[in-house]
Amino acid sequence: MSGTDHSDSECLNRFEFVSTRIEQHRCIAESTWRMTCVAPELAKRAVPGQFFMVRIAGQNDPLIGRALALYEMHRDSNGTPMAISVVYTVKGKFTQALSRCVAGDAVEIWGPLGNGFSTHPTEHLILVAGGVGQTPMLSLASAALGKSQYGSPVQPNGYAKRVTLCYGARSQAYLAGVEDFEKVCSQVLIATDDGSRGHHGLVTDLVKDLLNQSTAGCRIACCGPEPMMEAVSQVAQSYGVPCQVSLETPMACGIGICFTCVAKIKQSDGEWDYQRTCIEGPVFESEAIVW
Ligand SMILES: Cc1cc2nc3c(=O)[nH]c(=O)nc-3n(C[C@H](O)[C@H](O)[C@H](O)COP(=O)(O)OP(=O)(O)OC[C@H]3O[C@@H](n4cnc5c(N)ncnc54)[C@H](O)[C@@H]3O)c2cc1C
Ligand code: FES
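Rules and cut-offs
- Residues numbered from 1 in each chain as written.
- Chains lettered and ligands numbered in written order.
- Predicted model: local features only at pLDDT ≥ 70, side-chain atom pairs only at ≥ 80, totals over all residues.
- Helix = DSSP H or I, 4+ residues; strand = E, 2+ residues; numbered from the N terminus.
- Buried ≥ 20, exposed ≤ 12 C-beta atoms within 10 Å, placed from the backbone.
- Contact = placed C-beta atoms within 7 Å.
- Near = placed C-beta within 6 Å.
- Nonpolar A, V, L, I, M, F, W, Y, C, P; charged D, E, K, R; others polar.
- Domains from an automatic or database assignment.
- Pairing = 2+ DSSP bridges.
- Axes fitted to C-alpha atoms, helices over the stretch in contact; angles between N-to-C directions.
- Core = buried A, V, L, I, M, F, W, Y, C linked by C-beta atoms within 7 Å.
- Expected span 1.5 Å × (residues − 1).
- Right-handed = clockwise from strand over helix to strand, strands pointing away.

Let us now look at the environment of C243. When you line up the elements, C243 lands in strand β13 (residues 243-246). The buried category is assigned to C243, around which 24 C-beta atoms lie within 10 Å. Along the chain, C243 and C222 lie 21 residues apart, while their C-alpha atoms are 7.4 Å from each other. If near-sequence neighbours (up to four positions away) are discounted, C243 is found in contact with I220, C222, V232, S233, A236 and S286.

Spelled out as structure tokens, the structure:
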């Protein structure tokens, strides 16, 4: 079950539209940037797994925003949620344009959108990230270990005894924010395709190693390229471990209107139906997805 469930009307009532400026913008790995914006309305409400639609103010190409997950929430000296960070990899039109922006440039952000990850009590939460799929995992680790509180009303936190991040990337150069995860997680395991850091091979090898040690009280949360999420979901199923995945289907509106973001989701009667990643997702139980 997802941490928060939004109906269409709840979603439309609950998201905020914020015009703000970039506070900090820095390159943290190959083609990967971290952007921080002051946005107390968003910082107060967002929970791990939710996302924002982001636009560069005054630019019409691309006209529509792009979805970026909550990476980190920042508090001011009084402990009040004040700012959010997102992390993105440069791919196409929007991310290329955003990477040219500097501190002080105006951006428009609406959110928080979608449903967060489960807050079900867990012995060992295994986070599995591929490529830029690590973005929703930092806040999730922090909430699960009770190191930070998220949401309004405040979401349950401190629900995992141990959190391990299994993080796979093409090479060491593409690993982004490892030091952030090392500060928060109980354990960080790395796999690279070329062996330049950590295990030389697939991130699923790391997950299997962990599950071979013990599956007792384990749960998996996963985000990354779809073939990798499908593989992780098969591993989870074969070990009998519950698994949630955060889909990154391309989106146009982000608020449930355009149906560009649909995924095939199994229903209780065994049939499947299309569900919107922006409203019913982006977090789904992996066994419900028709890959
Ligand atoms: C819920 C959600 C959360 C997301 N969080 C993040 C995040 O935290 N960081 C991040 O970098 N990206 C994230 N994304 C993806 C992001 O929204 C953009 O799709 C991506 O950055 C590409 O945008 P662009 O305009 O640069 O590329 P475009 O010009 O739109 O496309 C460039 C190329 O990338 C392909 N492409 C576009 N969108 C996707 C996609 N979603 N997955 C795979 N290929 C795609 C296109 O087919 C094209 O080949 C998220 C997506 C969703 C739905
Ligand atoms: S992006 Fe428009 S309905 Fe989901």
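The next point concerns the site of ligand 1. Y88, G92, F94, T95 and T135 are the nearest of the 23 residues found near ligand 1. Of all elements in the fold, only β4 (66-69), β6 (81-89) and α3 (93-99) reach the threshold of two or more residues within the shell around ligand 1. Across the shell around ligand 1, the residue classes break down as 13 nonpolar, six polar and four charged.

A few words on the domain arrangement of the chain. For the chain, the assigned domains are domain 1 (8-113) and domain 2 (122-288). A separation of 20 Å is found between the C-alpha centroids of domain 1 and domain 2. At the junction of the two partners, domain 1 supplies 28 residues and domain 2 supplies 28 residues. Among the secondary structure elements, those contributing two or more residues to the side of domain 1 that touches domain 2 are α1 (8-14), β1 (16-29), α2 (40-45), β3 (51-56), β4, β5 (72-75) and β6.

This paragraph deals with the environment of G240. Tracing the backbone through its elements, the reader meets G240 in the loop between α7 (226-239) and β13. The class for G240 is exposed, based on 9 C-beta atoms found within 10 Å. For G240 and C218, which are 22 residues apart along the polypeptide, the C-alpha to C-alpha distance reads 9.5 Å.

On to the sheet that holds β6. Spatial strand order, β4-β3-β7-β1-β2-β6-β5: seven strands in an open sheet with antiparallel pairing. Sheet topology places β4 and β5 at the edges, where each strand pairs with a single neighbour. The sheet shows a mean angle of 40 degrees between the axes of neighbouring strands, direction not considered. In terms of strand pairing, strand β2 (residues 32-38) meets β6 through seven bridges, oriented antiparallel. Across the sheet, W33 pairs through a bridge with Y88, a residue of β6.

Right, let's talk about the nonpolar core for a bit. Grouped burial of nonpolar side chains is what soluble globular proteins tend to show. Counting 82 residues, the largest nonpolar core has V86, L127, V128, A141, L165, C166 and V232 as its most contacted members. For A141, the contacting residues outside a window of four places in its chain are L127, V163, L165, F181, V184 and C185.

Here we take up α7. Each α-helix turn comprises 3.6 residues. Residues three or four places apart therefore point the same way. Taking 1.5 Å per residue as the helical rise, α7 with its 14 residues ought to reach 20 Å, and the 20 Å between its terminal C-alpha atoms agrees with that figure. Taken together, the buried positions of α7 are M228, M229, A231, V232, S233, V235 and A236. As for α7, its buried residues are in contact with β8 (122-130), α6 (203-213), β12 (218-223) and β13. Taken from the residues just after α7, G240 is the one with a positive phi, measuring 70 degrees.

As a further point, take the pairing of β12. Burial of β12 is extensive: six of the six residues sit out of reach of the surface. Residues C218, I220 and C222 line one face of β12 and the alternating positions R219, A221 and C223 line the opposite face, and both faces are buried. Note that β8 and β12 share six bridges and pair parallel. Residue pairing for β12: A129 is matched across the bridge by C223. The handedness of the β12 to β13 crossover, carried by α7, is right-handed.

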